[in-house]
Amino acid sequence: MSASLNAAVATATATAPSPACAEPLAVLGRDVTVPLVTGGEVTYAALDYAASAPALQRVWDDVAAYAPYYGSVHRGAGYLSQLSTDLFEQSRATVAEFLDCRPSDQVVFTRSTTDSLNLLAAVIPADCQVFVFETEHHASLLPWTNAQVSYLNAPRTPDEAVATLERALADREPYGPALVCVTGASNVTGELWPVKELAAAAHAHGARIVLDAAQLAPHHPVSVRDLDVDWVAFSGHKLYAPFGSGVLAGRADWLQQAEPYLAGGGASRKVSRREDGGVDVEWHTTAARHEAGSPNVIGVYSIASACRALTEAGFENLVAREQQLVARVREGLAEVPAVRVLSLFGDDAPRVGVISFVVDGWNSSHFAAALSAEYGIGVRDGLFCAHPLVRTLLGSEPQAQGECGAPEAAPGERSLNAIRVSFGAGTPDEHVERFVRAVKELVTDGAKWQYRTEEGRCVPAV
């Protein structure tokens, strides 16, 4: 690459120094105000990070700096195409470093965690057996339609998780290829799973393992090498980057041996007509094999920017601050007898900033609607794309359906879904304090407004 092109890349990627780690990282939307049904406005408290974290201001600035240099990658001879290709491949190297990948690992860019795991499901050997706990997000629970799948019951301790997997792997017949899929941190309870121990169990029985790090990577360092997982998947929109980009990183052999996930330009190295009128295709053996079409260059670059920002901010400091927020939320909820926090592994289990709970006498949709309309707090309610897990934690029947509850719901009535509050590196202390105060006030005093059901959701009555 020429010196001038090097300089252009440096200009496009130059950013301000990372903010002090003792404070929340700057994110988009931090000053947005929303109206309250009771009158006036308040700064919006975004406490739904587990669904999508707000983009870091640093990431947005990096993307804005690069935007004038935007060009199609890999196949263009022009200056901007060369520059964009360099940024695209540098982003691949940045992600590999962020994940502490092995030298032989491939980093494939996808649309999301869901896309990454569906890609892996498409390339596993035809006779592969897949083992997955019922506690998984649907993105890692459902893609394995072309494999023999063993769904494992929810464990109640990390040791039980390892023992359950070991028994399942020991009993498998015939003894062919096998894959274990496990989350790093639950998107429902926030609890950390014993990934390293599960990987050791998988490998001891000749199986491979893929880590769904969608909830882990934004909150905690992920080392492919140390955890000894075969693949890791995560999404940019949970890692403080904009929507539309994801990663599958890990072993190359199954990826290289399988037909491309998508057939088209970029995945093909050589295409020629045969005398019989057909077409012969030679596919790439690099990550490009599964990146057909014009890639989401800006999405890829935004993931790399987020990786750099989190690394430079110091993950140890970010984790320490987040744990303070976790402790404050849990202490506040523990002071409300009507609140029950959901957990698989118990109160002492380490967890990231994701906490789900139910409130006696309240339907969760009603409670979440009141938090939003009366306090300007955005949380999530429902089953969180992890229906088997939430229903197991609630003890409800698999076919049970929840609907909007009414303020006059009988005390002690069990909700058929849950409320989830989630936060991270961009969450101000005030948002957490407002949430704790709002929970206490709603439980003690009730909602200040009337609510009704509209298309299955609670909304303020007008």
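Residues numbered from 1 in each chain as written. Predicted model: local features only at pLDDT ≥ 70, side-chain atom pairs only at ≥ 80, totals over all residues. Heavy atoms only, no water.

J.: Let's hear about the environment of Leu 227: which residues, and what values?
T.: Its location among the elements puts Leu 227 in helix 8 (residues 224–227). The class of Leu 227 is buried, set by a relative accessible area of 15%. Beyond its immediate sequence surroundings of up to four residues, Leu 227 is in contact with Val 195, Lys 196, Ala 199, Leu 211 and Val 222. (Helix = DSSP H or I, 4+ residues; strand = E, 2+ residues; numbered from the N terminus. Buried < 20%, exposed > 50% of the residue type's maximum accessible area, 1.4 Å probe, protein only. Contact = heavy atoms within 4.5 Å.)

J.: Give me the lowdown on the confidence of the model for the protein chain, citing residues and values where you can.
T.: Of the residues in the protein chain, 91% have a pLDDT of 70 or more, and the chain-wide mean is 90. In this model, residues 1–13 is a region of pLDDT below 50 whose contacts with residues beyond four sequence positions or in other chains number 24 contacts. Below pLDDT 50 for its whole length, residues 15–20 participates in eight contacts with residues either more than four positions away or in separate chains. (pLDDT = per-residue confidence, 0-100.)

J.: Pulling in residues and values, what's your account of the sheet that holds strand 6 (residues 148–152)?
T.: Here we have seven strands laid out as an open sheet, ordered 4-10-9-8-7-5-6, and mixed in their pairing. Where the open sheet ends on each side, the last strands, each with one partner, are strand 4 (106–110) and strand 6. Here the average twist between neighbouring strands, direction ignored, is 20°. Relative to strand 7 (residues 178–183), strand 5 (residues 129–133) runs parallel, the two being bridged by four bridges. Within the sheet, the bridge partner assigned to Gln 129 lies in strand 7 and is Ala 178. Set on the sheet, helix 4 (residues 113–123) makes contact with strand 4, strand 7, strand 8 (208–212), strand 9 (231–235) and strand 10 (246–250); between it and strand 9 the angle comes to about 150°. (Pairing = 2+ DSSP bridges. Axes fitted to C-alpha atoms, helices over the stretch in contact; angles between N-to-C directions.)

J.: I'd like to hear about the environment of His 366, residue by residue, with values.
T.: Its place among the elements puts His 366 in helix 12 (residues 364–375). On the accessibility criterion, His 366 (1% relative accessible area) is buried. Residues His 366 and Val 459 lie 93 residues apart in sequence; the distance between their C-alpha atoms is 7.8 Å.

J.: So what about the pairing of strand 4? Which residues, and what values?
T.: In terms of burial, strand 4 is a largely internal element, five of the five residues being buried. Where strand 4 lies against strand 10, five bridges are found, and the strand directions are antiparallel. Note that in strand 10 the partner of Val 107 across the bridge is Ala 249.

J.: Can you lay out the packing of helix 3 (residues 79–98) against helix 10 (residues 297–313) for me, pointing to particular residues and giving the numbers?
T.: Closest axis-to-axis distance for the helix 3/helix 10 pair is 9 Å, and the angle between their directions is 40°. Put simply, helix 3 runs oblique to helix 10. Pair helix 3 / helix 10 crosses with left-handed handedness. Between helix 3 and helix 10, the residues in contact are Ser 84, Leu 87, Phe 88, Ser 91, Thr 94, Val 95 and Phe 98 and Val 297, Val 300, Tyr 301, Ile 303, Ala 304, Cys 307, Arg 308, Leu 310 and Thr 311, respectively. (Parallel < 35°, antiparallel > 145°, perpendicular 65-115°, else oblique. Left-handed = near helix turned anticlockwise from the far one by under 90°.)

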